[in-house]
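# Structure at a glance
Here is how the chains run, residue by residue.
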There are 2 protein chains.
Amino acid sequence: MKPGSDPVYLVGAGPGAPDLLTLRAVRVLGKADIVFHDALVHPDTLALAPHAEKVDVGKRCGRYSTAQRFINKRLLDAAKRYRVVVRLKGGDPMLFGRAHEEIAFLKQEGVSVEVIPGVTAALAASAELGVSLTRRGISRSVVFATTRAAESEPPSRWAEAVAAADTAVLYMASKDAELVKDTLIRRGVSPEKPVAVAERVSLNSNVQFGALAELPRLTARCGDGPAVLLIGEVFARTRSQQERLSTAEADMLLQNLPALVAGSVSGPRL
Amino acid sequence: MKPGSDPVYLVGAGPGAPDLLTLRAVRVLGKADIVFHDALVHPDTLALAPHAEKVDVGKRCGRYSTAQRFINKRLLDAAKRYRVVVRLKGGDPMLFGRAHEEIAFLKQEGVSVEVIPGVTAALAASAELGVSLTRRGISRSVVFATTRAAESEPPSRWAEAVAAADTAVLYMASKDAELVKDTLIRRGVSPEKPVAVAERVSLNSNVQFGALAELPRLTARCGDGPAVLLIGEVFARTRSQQERLSTAEADMLLQNLPALVAGSVSGPRL
């Protein structure tokens, strides 16, 4: 690490919309010499680092991803060469972002690290849905979990944690909707438990409400944008919300009518 | 609601430091006509709303707090009189903030609401401690819970959720440290489970590390600032961190030496 350098900054880019970045993150991006960023960071967010070299070390579920060891190595090399190095991660850097591996490696190499927190997708989804994750009398706990685990990892206790908490938000789990539904129902969670799926939260988002039993059908209606699965009584729809959504579903049905008639798209159950 | 008005904004003020506010929150504060804020919002954050009347509807554990019904009524009255009404809540508005009650009341009265998410204390604490709340191989779930419940509420399942998740963060629980320790140990959680207490996160913060069995002693070392209790293997200290903290503890001991000798302050166990 060059003398007089800043620490390496691990910065939360927030859920997607550039204006959900913190002021502290904006300030650090503004002075960055190099930014290593996730694949899903918005171009307008990257534009906040006008002088920086941008390096996409895109980690994205099911797509090309840079090996963690290689990212660690590049961060260390950059810390030796540049004054201000930023590692920009989607959402909050300390939730499901492998921040620990980067921090531990850099510290071991004598490079100090500063973490700038961000708005995580669960909270952005909650804001967008207008549904509080906690509610007096209904929810006094909310768990954030993932079904994803490395092959070398011990079996995750995600289902135990989700079943025990009043509200749950699952990250990187939309491809596991069938597993989530089956596992939770087998654990005694009601198939009628209200759920929501929120894709591309804060950016042209797509939200689906329903019951746990319908979860695979709801995720199938989403595209391949990043999504969170939300589970809990707080997501129960009021009558007026149900009516509003039925209209939205009817619109979708009408739009897709030619394809539906041709049998290439399966419509929502009305 | 006056025609042409903005919705009422429920805005997350973040954990304390004004520069952990989002750009979107700053923009809304800048045009606010009136801001109803929690007691703990930083003066520099309020200064971002230069034209607004500021109303402290301070809800703070164990102190004077404005009744929720009265806050709801004032928000509604303001929505009828002003163009831009902001309800500014510490942290993220949708976590332990009674946002549901305000949203439901306003919507029922025909007033629309927009929620702007914020950085919650758990994530700011994680950033400040440099400890990721999730870690591959150790933690694939993190629960945010509170021991607090209204008298009319059903008994909270907080302990069940905390015991089932790999990492846990308890809000508004520092006065319940004894209860948390006893309840979790009775549930089979190890007394050696690593914990941390983080007070006034992001602002002149005070962080204590230890084991679950020591939790009441750790919270007793904090002042009466807002604090989160963090529980989980991820908070285990490495040898170098332990050494560093021992030095910090030794410094504290030296600073307090006169009081310690006089018996008015209890020193840390070295």
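Residues numbered from 1 in each chain as written. Chains lettered and ligands numbered in written order. Predicted model: local features only at pLDDT ≥ 70, side-chain atom pairs only at ≥ 80, totals over all residues. Heavy atoms only, no water.

## Notes on the relation of the copies chain B and chain A
Heads up, the rule is: To line up the copies, we fit them by least squares on C-alpha atoms, keeping just the residues with pLDDT of at least 70 in both. Residue contacts are counted whenever heavy atoms from the two residues lie within 4.5 Å of one another.
For the pair chain B and chain A, the superposition axis carries a translation of 0.0 Å, the fit reaches an RMSD of 0.0 Å, and the rotation angle comes to 180°. Considering both components of the superposition, the chain copies are consistent with a two-fold axis. Mapped onto chain A, 100% of the interface residues of chain B again fall at the interface, so both copies present the same surface.

## Structural notes on the confidence of the model for chain A
All names here are of chain A. Our working definition: Known as pLDDT, the predictor's per-residue confidence is scaled from 0 to 100.
Of all residues in chain A, 81% attain a pLDDT of 70 or more, and the chain-wide mean is 88. The low-confidence segment residues 263-270 (pLDDT under 50) makes 17 contacts with residues lying over four places distant or belonging to another chain. Among the prediction metrics, the complex's ipTM stands at 0.88, with pTM recorded as 0.88.

## Topic: the interface of chain B and chain A
How big an interface is tends to be stated in terms of the accessible area lost upon association of its parts. Worth spelling out the cut-off: Values labelled buried area give the accessible surface lost by two parts on being combined, using a 1.4 Å probe and summing over both. Every case where a carboxyl oxygen of Asp or Glu lies within 4 Å of a side-chain nitrogen of Lys or Arg is listed as a salt bridge. Any N or O atom pair separated by 3.5 Å or less is treated as a polar contact, with the protein-specific requirement of one donor-capable and one acceptor-capable atom, and with residues adjacent in sequence counted only for side-chain atom pairs. Numbering of helices and strands runs from the N terminus; a helix is a DSSP stretch of H or I covering at least four residues, while a strand is a stretch of E covering at least two. Following the grouping adopted for this structure description, the nonpolar residues are Ala, Val, Leu, Ile, Met, Phe, Trp, Tyr, Cys and Pro, the charged ones are Asp, Glu, Lys and Arg, and the polar ones are all others, Gly among them. A strand pair is defined by DSSP finding two or more bridges across the two strands.
Listed by partner, the interface residues are 58 residues for chain B and 58 residues for chain A. Of the roughly 5000 Å² buried where chain B meets chain A, counting both sides, 58% is carbon and sulfur surface. Three residues stand out in chain B for area buried against chain A, namely B:Met94, B:Arg136 and B:Arg140, and they jointly supply 14% of the buried area on that side. For A:Arg136, the salt bridge goes to B:Glu101, with nearest N and O atoms at 4.0 Å. The interface formed by chain B and chain A holds 28 residue pairs in polar contact (both at pLDDT 80 or more) in total. Elements that contribute at least two residues to the side of chain B that touches chain A include exactly helix 1 (23-30), helix 4 (99-108), strand 5 (113-116), helix 5 (121-129), strand 6 (141-146) and helix 6 (158-164) of chain B. The element best represented in the side of chain B that touches chain A is strand 6 of chain B, accounting for 6 residues. Tallied by class, residues from the side of chain B that touches chain A come to 31 nonpolar, 13 polar and 14 charged. Here 5 bridges tie strand 6 (residues 141-146) of chain A to strand 6 of chain B, and the two strands are oriented antiparallel to one another.

## Points about helix 3 (residues 68-81) of chain B
The periodicity of an α-helix, 3.6 residues per turn, causes residues three or four positions apart to be oriented the same way. For the record, the criterion: Helices are assigned an expected span. That span is 1.5 Å times one less than the residue count.
The first and last C-alpha atoms of helix 3 of chain B sit 20 Å apart over 14 residues, in line with the 20 Å expected at 1.5 Å per residue. Tucked into the core, helix 3 of chain B has its buried residues touching strand 1 (8-12), strand 2 (34-37), strand 4 (85-89) and helix 4 of chain B.

## Looking at the pattern of salt bridges
All names here are of chain A. Rules: Relative accessibility decides the category of a residue: with a 1.4 Å probe and only protein chains considered, values under 20% of the type maximum give buried, values over 50% give exposed, and everything between is partly exposed.
Within this structure, the stated rule accounts for 34 salt bridges over all chains. Between glutamate 199 and arginine 200 there is a salt bridge; the shortest N-O distance is 3.0 Å. The exposure class assigned to glutamate 199 is buried, which follows from its relative accessible area of 0%. A relative accessible area of 29% means that arginine 200 is categorised as partly exposed. Several salt bridges share partner residues, and in doing so they unite Asp38, Arg87, Lys89 and Glu102 into one network.

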